[in-house]
Number of protein chains: 2
Amino acid sequence: MKTLSPPPRLLMGPGPINCYPRVLSAMSTQLVGQYDPVMTGYMNEVMALYRQVFMTQNEQTFLIDGTSRAGIEAVLVSAIEPGDKVLVPIFGRFGHLLAEIAERCDAEVHTIEVPWGEVFLPEQIEQAIINVQPKLLAVVQGDTSTTMLQPLEHLGEICLRHDVLFYSDATASIGGNSFETDKWQLDAVSVGLQKCLGGPSGSAPVTLSERYVELVGKRRHVEAGIRSSHHSDGQSSRIRSNYFDLPMIMDYWGSERLNHHTEAASMLYCARECAINLLEEGIDSTIFRHKVAGDAMLAGVKALNLEPFGDLAHKMHNVVGVYIPDTVDGEIIRHQMLHDFNIEIGTSFGPLQGKIWRIGTMGYNARQDAVFQTLQSLESVLRRNGHKLPLGEAIDAAYDVYAKVNPLQNEDK
Amino acid sequence: MKTLSPPPRLLMGPGPINCYPRVLSAMSTQLVGQYDPVMTGYMNEVMALYRQVFMTQNEQTFLIDGTSRAGIEAVLVSAIEPGDKVLVPIFGRFGHLLAEIAERCDAEVHTIEVPWGEVFLPEQIEQAIINVQPKLLAVVQGDTSTTMLQPLEHLGEICLRHDVLFYSDATASIGGNSFETDKWQLDAVSVGLQKCLGGPSGSAPVTLSERYVELVGKRRHVEAGIRSSHHSDGQSSRIRSNYFDLPMIMDYWGSERLNHHTEAASMLYCARECAINLLEEGIDSTIFRHKVAGDAMLAGVKALNLEPFGDLAHKMHNVVGVYIPDTVDGEIIRHQMLHDFNIEIGTSFGPLQGKIWRIGTMGYNARQDAVFQTLQSLESVLRRNGHKLPLGEAIDAAYDVYAKVNPLQNEDK
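Residues numbered from 1 in each chain as written. Chains lettered and ligands numbered in written order. Predicted model: local features only at pLDDT ≥ 70, side-chain atom pairs only at ≥ 80, totals over all residues. Heavy atoms only, no water.

- Under an unreviewed UniProt entry, the name given to chain A is Pyridoxal-phosphate-dependent aminotransferase family protein, and the source organism is Agaribacter flavus.
- Listed under Cofactor (unreviewed entry) in UniProt, the entry text for chain A is "pyridoxal 5'-phosphate".
- What UniProt states about chain A under its Sequence similarities (unreviewed entry) heading is, verbatim, "Belongs to the class-V pyridoxal-phosphate-dependent aminotransferase family." (UniProt positions renumbered as here; feature names shortened; annotations may be inferred.)

Right under this line is the structure:
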């Protein structure tokens, strides 16, 4: 079996994307023991770092050892008891996922939907809350399947007024778009590393409000194999999953350090580095970098005589949908981009399958050179496949976007 | 926040342990896209590699993205429908864990127990099977909490005769002790990387027999967000977890490549390297290396005037329990080992808390120099804490064990 030596792909799809080199290096750091004060020190650092990333004071801010959907499932299965009502506004594939996971918890799941490419007004969600009276509202912030970003800033106040727990999955958006846990009054948030945070999939940071923690704390349970006489279980029903039992995981991350899983140390090193990388650049600066790269890519694809998808006023900064012209085969274009130029752009699924490409500009790849290389490669491939376009204008359009932000762009020079 | 620079600990506890350097390097490899033929090629390689590691022809051999208990939960929650009978022979902490996870699936869980430090005879397990008539037998192979290795080689035939599914968690033992999935007629096996395979926690290889796959296939279900008209769901009850839904995960690893989670690529690189490392050394050679290191450590601790714990005829090769002498404080010894010598040895929990240390010799650390450094450091620390011991004899005893296997030991020279 050969040594790992993958081709140097430039990953400009909806994620995963190329990792920041420092994040990759962090993962090759040798381990220390699970309860070594050095390791528990790193765990505490990770909690502090992700409080900053999530913009929260929540004590309970830590990692779930799994991909981003592991974070989703942990939040939902720990909170939902069979029969609980859950409201899920669906504006893309990941709304369906939240609904499906809640269904498997035997929640009574209610959904509202808008067409793919749109988002909800707060009033639509409030009306549904009034109709359904759910225990929990679960909504995705950024859904890569449609490139849309659901505004969340008014939903916390609505949820609080109606005594509803407010949960959002911000995997695709965090680090590239504003996200303010406390200001927006969220009770639970889960994310992944593989989008704007610039790491690989495999660790899911979460943050939990006191209200959420109090609720799931009633379902606290200690494993038989490590139980001592001073441990007592909560009154509410036992959480259906051991792996995703958040009270147990909190006892592991907390001062009691009760053994649960063995923390995935290399992924913790990685998550730590992703957060430090973001905070060193600054959250606002990083979001601005994503906005500019996204604007440049959008301007560029328009100049390639391509039509962007969806409600652009609610597009995520970090990904754009682009209609595949009738005159070309979308998969042939992707194939040539990948094999001839080592650049990956994304396909789509569900109602958008075969209709749009998704082109990302996120994390390490929210860079001017990555935008430029992608646009000129796309120009070459489209031109050679018979798509009519004005030569050179995509690069010019993207240059123009960067020129407007020159002062900030030049800070690094 | 400082750059990661942990102290160079020698991890001689019950795991996690130091990773092989090549495994750490593999994790710093840059990513390719999720459906890139290079990535799906790596996924297929991982399946082929772990078939060799597990010694099986099972097509369904792949990774669960999480720690070893994620693999346990995936196997159990996918197979168990509420009310199903599950039999768990418990000989340590991880038997309790299997029972607890099965309980959370609403199985009717039956347990049999032996005192910590012993294992079961096949006849004891067969008698319980006759009494309980379970759907599934779930048993740990090696339980680090007691250092014991449960013999499995006669259980497959018993299970087949009584029409019982046979599942084992071999996280702590695989790679350091014999494990033969097909010869022993197992239906499901889950492991982790962080013991004898010499990787970090965070990926859980599993293998599933055709019988197991057929059973869980009846619970197949396709997510709404990616469903097409040719997908149809199975007749049996839906699996309670999305993240651990093995039929869905099989559809992702299989030729259909139906999207489920985003594969944790860096952990996949890592799992791939762990397997290659094992297979290049050879499974038999690696197990022998673990046996010799374990024998040397056992001989050494005896020469330190320490008493080993449990039924030594059924000890795992890769970890030994050692009674803490009445004359010393076990935690002070561990503290001095860690802080003065950078060597970690393990504590214990449950009924053995405060009674034994657990000293591992596994993976990268199943090495002569690691055994010697641990023994002479332990000698120094014990002596300085007033434990009576004959100076130098531990090293001599360990040398004697290595001397007996000199021909093989010298192969590398």
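**A word on the sheet that holds strand β10 (residues 204-208) of chain A**
All names here are of chain A.
- Ordered in space as β2-β10-β9-β8-β5-β3-β4, the 7 strands form an open sheet in which the pairing is mixed. Both edges of this open sheet fall to β2 (60-64) and β4 (108-113), since each of them pairs with a single strand only. Across this sheet, the average inter-strand angle for adjacent strands is 15 degrees, counted without regard to direction.
- Inspection of the sheet shows strand β3 (residues 85-90) paired to strand β5 (residues 136-140) by 2 bridges, in the parallel sense. Looking at the pairing, Leu-87 lines up with Leu-137 of β5.
- Contacts from helix α4 (residues 93-104) reach β3, β4, β5 and β8 (165-169) within the one sheet, and its direction differs from that of β3 by about 165 degrees.
- Where helix α5 (residues 122-132) meets the sheet, its contacts fall on β3, β4 and β5, and the angle it forms with β3 comes to roughly 155 degrees. (Pairing = 2+ DSSP bridges. Helix = DSSP H or I, 4+ residues; strand = E, 2+ residues; numbered from the N terminus. Axes fitted to C-alpha atoms, helices over the stretch in contact; angles between N-to-C directions. Contact = heavy atoms within 4.5 Å.)

**As for helix α4 (residues 93-104) of chain B**
All names here are of chain B.
- The end-to-end C-alpha distance of α4 is 17 Å, a good match for the 16 Å that 12 residues give at a rise of 1.5 Å each.
- In terms of burial, α4 is a largely internal element, 10 of the 12 residues being buried.
- Those residues of α4 that sit buried are Arg-93, Gly-95, His-96, Leu-97, Leu-98, Ala-99, Glu-100, Ile-101, Ala-102 and Arg-104.
- At the exit of α4 stands Asp-106, carrying a positive phi of roughly 60 degrees. (Expected span 1.5 Å × (residues − 1). Buried < 20%, exposed > 50% of the residue type's maximum accessible area, 1.4 Å probe, protein only.)

**Observations concerning the domain arrangement of chain A**
All names here are of chain A.
- Domain assignment breaks chain A into domain 1 (19-278) and domain 2 (283-412).
- If you average the C-alpha positions of domain 1 and of domain 2, the two centres end up 31 Å apart.
- Residue-level contacts link 29 residues of domain 1 with 24 residues of domain 2.
- Taking both partners together, domain 1 and domain 2 bury about 2,100 Å²; carbon and sulfur atoms supply 68% of that area.
- On the domain 1 side of the interface with domain 2, the three residues burying the most area are Tyr-20, Trp-116 and Thr-147, jointly 26% of the side's total.
- There are 11 residue pairs in polar contact (both at pLDDT 80 or more) connecting domain 1 and domain 2.
- The set of elements that each furnish at least two residues to the side of domain 1 that touches domain 2 consists of α2 (37-54), β6 (142-143) and β7 (148-149).
- Partitioning the side of domain 1 that touches domain 2 into residue classes produces 13 nonpolar, 13 polar and 3 charged. (Domains from an automatic or database assignment. Buried area = accessible area lost by both parts, 1.4 Å probe. Polar contact = N/O pair within 3.5 Å; in protein donor to acceptor, adjacent residues only side chain to side chain. Nonpolar A, V, L, I, M, F, W, Y, C, P; charged D, E, K, R; others polar.)

**Let's talk about the relation of the copies chain B and chain A**
- Of the transformation superimposing chain B on chain A, the axial component is 0.0 Å and the angular component is 180 degrees, with the fit at an RMSD of 0.0 Å. On the angle and the small slide along the axis, the relation comes out as a two-fold axis. Among all residues of chain B, the minimum C-alpha distance to the rotation axis is found for Gly66(B), at 2.3 Å.
- Taken as a fraction of all interface residues of chain B, those also at the interface in chain A reach 100%, which identifies the copy contact as same-surface. (Least-squares fit on C-alpha atoms with pLDDT ≥ 70 in both.)

**As for unusual backbone geometry**
- Here the residue pair Gly15(A) and Pro16(A) is connected by a cis peptide bond, since its omega of 0 degrees sits within 30 degrees of zero.
- Within the secondary structure, Pro16(A) sits in the loop between β1 (10-11) and α1 (21-27).
- In this model, Arg257(B) sits at a positive phi of 55 degrees, which is unusual for a non-glycine residue.
- With respect to the helices and strands, the residue Arg257(B) is situated in the loop between α8 (246-253) and α9 (265-281).
- Looking at Arg257(B), the relative accessible area reads 17%, which means it is buried.
- Phi is positive for Asn342(B), which is not a glycine, with a value near 60 degrees.
- As for its position among the elements, Asn342(B) is in the loop between α11 (330-341) and β12 (343-344).
- Accessibility expressed as a relative area gives 21% for Asn342(B), which makes it partly exposed.

**Description of the sheet that holds strand β5 (residues 136-140) of chain B**
All names here are of chain B.
- Across the sheet, 7 strands lie side by side as β2-β10-β9-β8-β5-β3-β4; this open sheet has mixed pairing. In this open sheet, the two strands that pair with only one neighbour each are β2 (60-64) and β4 (108-113). Mean inter-strand twist for the sheet, computed between neighbouring axes without regard to direction, equals 15 degrees.
- Strand direction decides the pairing type here: β2 and strand β10 (residues 204-208), joined by 5 bridges, are antiparallel. Residue pairing for β10: Thr-61 is matched across the bridge by Thr-207.
- Helix-sheet contacts for helix α3 (residues 68-79) involve β2, β5, β8 (165-169), β9 (188-190) and β10, and the interaxial angle to β10 is about 30 degrees.

**Section: the UniProt feature "domain: Aminotransferase class V" (unreviewed entry) in chain A**
- According to UniProt, the feature "domain: Aminotransferase class V" (unreviewed entry) maps to residues 40-209 of chain A in the numbering used here.
- Annotated as 34% helix and 23% strand, the span residues 40-209 of chain A places its first and last C-alpha atoms 22 Å apart.

**So, the environment of Leu304(B)**
- For Leu304(B), the position within the fold is in the loop between α10 (283-303) and β11 (319-323).
- Excluding anything up to four places from it in sequence, Leu304(B) contacts Leu375(B), Leu378(B), Glu379(B), Leu382(B), His387(B), Lys388(B), Leu389(B) and Ala394(B).

**Comments concerning the packing of aromatic side chains**
- Tallying each qualifying case throughout the model produces 23 aromatic pairs over all chains.
- With a centroid separation of 5.6 Å and an interplanar angle of 70 degrees, the aromatic rings of Tyr243(A) and Phe244(B) are classed as edge-to-face. Taken together, the residues Tyr243(A) in the loop between α7 (210-217) and α8 (246-253) and Phe244(B) in the loop between α7 (210-217) and α8 connect one chain to another.
- Under the relative-accessibility criterion, Phe244(B) is labelled buried at 0%.
- Ring centres 5.5 Å apart and planes at 65 degrees place the aromatic pair Phe179(B) and Trp184(B) in the edge-to-face group.
- Trp184(B) gets classed as buried once you look at its relative accessible area, which sits at 9%.
- What links up through ring pairs into an aromatic cluster is the set Tyr243(A), Phe244(A), Tyr243(B) and Phe244(B). (Phe/Tyr/Trp six-rings, centres within 6.5 Å; stacked < 30°, edge-to-face > 60°.)

**Some details on the pattern of salt bridges**
Residue and element names in this part refer to chain B.
- Counted by the stated rule, this structure contains 40 salt bridges over all chains.
- For Glu-45, the salt bridge identified is with Arg-272, shortest N-O distance 2.7 Å. One end of the pair, Glu-45, is in helix α2 (residues 37-54); the other, Arg-272, is in helix α9, and 227 residues separate them in sequence.
- On the accessibility criterion, Glu-45 (23% relative accessible area) is partly exposed.
- Between Asp-187 and Arg-211 there is a salt bridge, with its nearest N and O atoms 2.8 Å apart. Of this pair, Asp-187 sits in the loop between β8 and β9 while Arg-211 is found in helix α7, placing the two residues 24 residues apart along the sequence. (Salt bridge = Lys/Arg side-chain N within 4 Å of Asp/Glu carboxyl O.)

**Side note on the side chain of Ser209(A)**
All names here are of chain A.
- Along the chain, the position of Ser-209 falls in the loop between β10 and α7.
- Of note is the side chain of Ser-209, whose polar atom sits 2.8 Å from the side chain of Asp-187.
- Residues contacting Ser-209, with those up to four places away along its chain left out, are Asn-58, Leu-186 and Asp-187.

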